[in-house]
Amino acid sequence: MAINKQLISNQAISKRAMDEYFRLYRKHIDGMRWLEQRSKDGFDVTQDEADFIRLVREPMRNAWDKLTTEEQQYCLKLDTIVEQLNARIV
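First, a word on scope: everything that follows refers to the structure included in this document. (Residues numbered from 1 in each chain as written. Predicted model: local features only at pLDDT ≥ 70, side-chain atom pairs only at ≥ 80, totals over all residues. Heavy atoms only, no water.)

**Side note on the packing of aromatic side chains**
One pass over the structure, following the stated rule, counts 5 aromatic pairs. Aromatic side chains Y21 and W64 sit 5.5 Å apart centroid to centroid with 55° between the ring planes, which places their arrangement in the tilted category. In this pair, Y21 sits in helix 1 (residues 2-40) while W64 sits in helix 2 (residues 46-65), placing the two residues 43 residues apart along the sequence. Since its relative accessible area comes to 21%, W64 is described here as partly exposed. Relative to Y25, the ring of F22 has its centre 6.4 Å away and its plane inclined at 85°; by these criteria the two rings are edge-to-face. (Phe/Tyr/Trp six-rings, centres within 6.5 Å; stacked < 30°, edge-to-face > 60°. Helix = DSSP H or I, 4+ residues; strand = E, 2+ residues; numbered from the N terminus. Buried < 20%, exposed > 50% of the residue type's maximum accessible area, 1.4 Å probe, protein only.)

Rendered as structure tokens:
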């Protein structure tokens, strides 16, 4: 019985880690596109980039470290699809 409780506990932790990673990933994709557009429009995005790294990219890296290898592989595949199709995650 303890093994089953541990498995359920690990699954719950893993789900929370995936949810957190994808929440930040959506912000990352939207933020990168926003920064690119602002830069193309001639705006100075230096401070915006610094804020983006602090508020999105670094927390996303921390969330990545909590994922299992299989989850990371899944996320990499998803990232490839998003980049190739210029898709948006909702």
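What follows continues from the structure just given.
**What about the pattern of salt bridges?**
A side chain of one charge can pair with a side chain of the opposite charge when the charged atoms of the two come close. Evaluation of the coordinates by the stated rule reveals 4 salt bridges. The salt bridge involving R23 is made with E20; its shortest N-O contact spans 2.9 Å. Linking R23 with E20, this pair stays in helix 1, spanning 3 residues, or about one helical turn. By relative accessible area, which is 35% here, R23 ends up partly exposed. (Salt bridge = Lys/Arg side-chain N within 4 Å of Asp/Glu carboxyl O.)

**What about helix 2?**
With 20 residues, helix 2 ought to run about 28 Å at 1.5 Å a step, and its terminal C-alpha atoms sit 27 Å apart, in line with that. At I53, helix 2 shows its largest kink, close to 40°. (Expected span 1.5 Å × (residues − 1). Bend = angle between axes of the 7 residues up to and from the residue.)

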